[in-house]
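What the coordinates show
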Amino acid sequence: MLPAPANAPPSSAPPGGLLAGYLAALAGRGAGNSAFTAGARAFLRRWPDPQVWAALPLPARMRMWSSTRPFINYLMLFGHLRPGYDYLLERKLPAILREATASPLAGDLDRFRTAATTLGFTAKTASGMASQVLMRLLIQTGRGLDRLTEADLAEFDRAIGAREDAHKQPFKH
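**A few points about helix α8 (residues 106-118)**
When the terminal C-alpha atoms of α8 are compared, their 18 Å separation across 13 residues agrees well with the 18 Å that a helix rising 1.5 Å per residue should span. Regarding α8, the residues found buried are A106, D108, L109 and A116. The buried residues of α8 occupy one face: seen down the axis, they fall within an arc of 165°. Looking at the buried positions of α8, the neighbouring elements they touch are α7 (96-100) and α9 (123-141).

Given below as structure tokens:
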């Protein structure tokens, strides 16, 4: 049995709207299955405002069911969730670039990859930088590529330092 819903202020998007948007995004990519839908519904029953979930301690956020991860990715990519750099740096996001191509972040992702390859980086390196750095910055700041600032990069750098301190080892990203 799931815990009772957390007390939360109303979300800017009603939970039904979040679910409908998620299902439409899955359908648009030709993806999804009943486990993803059930995971999204369970998440929304517990956290009708996804940002309340982001305020949980990192260990609680890391324990999410695998069936909710695609929904969490959707929430992040479509601007409904800023989970914190601690989560973004701790979680591997293998599907984020594939899922981002159908999100509002697609244009920034394309511009970044194009600029990186124009500067001489291989397509693989450009994608790696986009996955490990750019997408995390865009998700957490909620701003586009052209609106990122040096302060955003400094905050990201501090978060990497905090992760390295917590794990007592360098973060290879």
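**Describing the nonpolar core**
Counting 39 residues, the largest nonpolar core has F43, W53, F71, I72, M76, I96 and M135 as the members making the most contacts within it. Looking at this core, the elements that each hand over two or more residues are α1 (15-29), α2 (34-46), α3 (50-54), α5 (69-77), α6 (85-90), α7, α9 and α10 (150-167). Filtering out sequence-adjacent residues up to four positions away, M135 remains in contact with L77, I96, L97, A100, L105, L109 and A130.

What counts, and at which threshold
- Residues numbered from 1 in each chain as written.
- Predicted model: local features only at pLDDT ≥ 70, side-chain atom pairs only at ≥ 80, totals over all residues.
- Heavy atoms only, no water.
- Helix = DSSP H or I, 4+ residues; strand = E, 2+ residues; numbered from the N terminus.
- Expected span 1.5 Å × (residues − 1).
- Buried < 20%, exposed > 50% of the residue type's maximum accessible area, 1.4 Å probe, protein only.
- Arc of directions from axis to C-beta.
- Contact = heavy atoms within 4.5 Å.
- Core = buried A, V, L, I, M, F, W, Y, C linked by side-chain atoms within 4.5 Å.

All we've got here are geometric facts, nothing functional implied.
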